[in-house]
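# Summary of the model geometry
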Amino acid sequence: MPLRPAPTFREALANADHPLAGIWVCSASPVSAEICAGSGMDWLLIDGEHSPLDLGSTLAILHAVAAYPITPVVRVASLDAVTIKQVLDLGAQNLLVPMISSAAEAHAAVAAVRYPPRGKRGVGSALARSARWNRVDDYLENADDHVSLFVQIETSAGVDAAAEIAAVDGVDGVFVGPSDLAASMGLLGRQTHPDVVAAVISTFAAVRAVGKPVGVNAFAEKQAQAYVDAGADFIAVAADVSLLARASESLALRWTPAASAEKRASY
């Protein structure tokens, strides 16, 4: 039975009539992921960098969200060609690679998601969910059409090289991470500091100038709206774990006299 993979995040952005809003899954829970997938959000960011996610839980989450009209993006832990190969073979079509600070690193990310001679992705499609065990016709020849690659700029060096990174052929878009960017600027935990915001906005301009979509992480609603107004094509506005943490704290404030109303830094 011939099968066709779902449209990529690249295609979703190209066809969007509004900035695409997304939510993180950091719990590594397929149940949480499925709940988020049915929320009505546009895209789902499955985090393999700062969560207990492994290959098995990544696959379980991809299974859990496949039935819903949401586009899943998997953030791998690092720019590691072996991990990227494995996550692609699980059937992840949209990858986010963190901590890209130079065009050379962006080229390496592109090579990791492409088959030879354009890259160095290992060939195992007959054995893998990516090609639905060879039920996707001509998967090897058309693999680039079925995969989109986004890179994350989250250092001062990355901001300086944003145009060169975005211009790399095979990079489909850039996602800005204000938390690590703030840390690299000596402003740890101060994602909304004016200097950090200015760096994010300058990255937007550099990426959009070369014709690529750009997104950002922003959990504070006011800041998220400001980034949308500044031209963000996609944005991540919450995480399953942070929603649960803040909602449970709110319940505790209502029902538990000893609960603290102390405001937390960051998100």
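Up top you'll find the structure we're talking about.
One structure accompanies this document, and this report is about it. (Residues numbered from 1 in each chain as written. Predicted model: local features only at pLDDT ≥ 70, side-chain atom pairs only at ≥ 80, totals over all residues. Heavy atoms only, no water.)

Here we take up the overall build of the protein. Across its full length, the protein holds 12 helices and eight strands. Summarising its shape, the C-alpha atoms of the protein cover approximately 60 × 40 × 35 Å along the three principal directions. For the protein, the residues scored as buried account for 48% of the 267 residues in total. When contacts within the protein are restricted to residue pairs at least 6 apart in sequence, long-range pairs at least 24 apart make up 62% of them. (Helix = DSSP H or I, 4+ residues; strand = E, 2+ residues; numbered from the N terminus. Buried < 20%, exposed > 50% of the residue type's maximum accessible area, 1.4 Å probe, protein only. Contact = heavy atoms within 4.5 Å.)

Glancing now at the pattern of salt bridges. This structure, assessed with the given rule, holds nine salt bridges. Residues participating in the shared-partner salt-bridge network are Arg114, Arg118, Asp144 and Asp169. (Salt bridge = Lys/Arg side-chain N within 4 Å of Asp/Glu carboxyl O.)

Following the sequence through the fold, asparagine 217 ends up in strand β7 (residues 214-217). Using a relative accessible area of 9% as the deciding quantity, one classes asparagine 217 as buried. Reaching out from asparagine 217, the side chain makes a polar contact with the side chain of tryptophan 24 at a distance of 2.6 Å. (Polar contact = N/O pair within 3.5 Å; in protein donor to acceptor, adjacent residues only side chain to side chain.)

Here we come to helix α3 (residues 55-65). An α-helical segment advances 3.6 residues per turn. Residues three or four places apart therefore align on the same side. Within the sequence span of α3, burial applies to Ser57, Thr58, Ile61, Leu62, Ala64 and Val65. Mapping the buried residues of α3 onto a view down its axis gives an arc of 160°, with all of them on the same face. Looking at the buried residues of α3, the elements they touch are β1 (20-25), α2 (30-37), β2 (43-47) and β3 (71-75). Structurally, the start of α3 carries an N-cap: the backbone nitrogen of glycine 56 is 3.1 Å from a side-chain oxygen of aspartate 54. (Arc of directions from axis to C-beta.)

A few words now on the environment of valine 210. Here valine 210 is to be found in the loop between α10 (194-209) and β7. Owing to a relative accessible area of 34%, valine 210 belongs among the partly exposed residues under this scheme. Along the primary structure valine 210 and valine 168 are separated by 42 residues, whereas in three dimensions their C-alpha atoms are 9.7 Å apart. With residues up to four places along the chain from it excluded, the contact list for valine 210 reads Ala163, Ala166 and Ala167.

With that settled, consider the environment of glutamate 221. When you line up the elements, glutamate 221 lands in helix α11 (residues 221-229). In the structure, glutamate 221 is positioned 145 residues away from valine 76 in sequence and 26 Å away in space, judged by C-alpha atoms.

It is worth spelling out the sheet that holds β7 at this point. The strand order β1-β2-β3-β4-β5-β6-β7-β8 describes a closed barrel built from eight strands, whose pairing is parallel. Neighbour-to-neighbour, the strand axes of this sheet turn through a mean angle of 25°, independent of strand direction. Taken together, the four bridges between β1 and β2 define a ladder with parallel strand orientation. Bridging across to β2, valine 25 finds its partner in isoleucine 46. Helix α5 (residues 103-113) contacts β4 (94-97) and β5 (148-153) of the sheet and is inclined by roughly 155° relative to β5. (Pairing = 2+ DSSP bridges. Axes fitted to C-alpha atoms, helices over the stretch in contact; angles between N-to-C directions.)

What follows covers the packing of aromatic side chains. Geometrically, a pair of aromatic rings is defined through the distance of the ring centres and the angle of the planes. Throughout the structure, instances matching the rule amount to nine aromatic pairs. Measuring from ring centre to ring centre gives 6.4 Å for tryptophan 24 and phenylalanine 175, while their planes differ by 55°; the resulting arrangement is tilted. Residue tryptophan 24 is located in strand β1, and its partner phenylalanine 175 is located in strand β6 (residues 173-176); the two are separated by 151 residues in the primary sequence. Just as tryptophan 24 is buried, phenylalanine 175 falls in that class too. Between tryptophan 43 and phenylalanine 234, the ring centres sit 5.6 Å apart and the planes meet at 80°, which makes this aromatic pair edge-to-face. One end of the pair, tryptophan 43, is in strand β2; the other, phenylalanine 234, is in strand β8 (residues 234-239), and 191 residues separate them in sequence. Take tryptophan 43: its relative accessible area is 2%, and that puts it in the buried class. The buried category is assigned to phenylalanine 234, whose relative accessible area is 2%. Over the ring of tryptophan 255 we find arginine 254; its NZ or CZ atom is 4.1 Å from the centre of that ring. (Phe/Tyr/Trp six-rings, centres within 6.5 Å; stacked < 30°, edge-to-face > 60°. Lys NZ or Arg CZ within 6 Å of the ring centre and 35° of its normal.)

In terms of residue burial, β3 counts as a mostly covered element, since four of its five residues are buried. With five bridges joining them, β2 and β3 adopt parallel strand pairing. The partner of leucine 45 across the bridge, within β3, is valine 73. Each parallel crossover has a hand, and the one from β2 via α3 to β3 is right-handed. With two bridges connecting them, β3 and β4 associate as parallel partners. Within β4, the residue paired with valine 74 across the bridge is leucine 95. Each parallel crossover has a hand, and the one from β3 via helix α4 (residues 81-89) to β4 is right-handed. (Right-handed = clockwise from strand over helix to strand, strands pointing away.)

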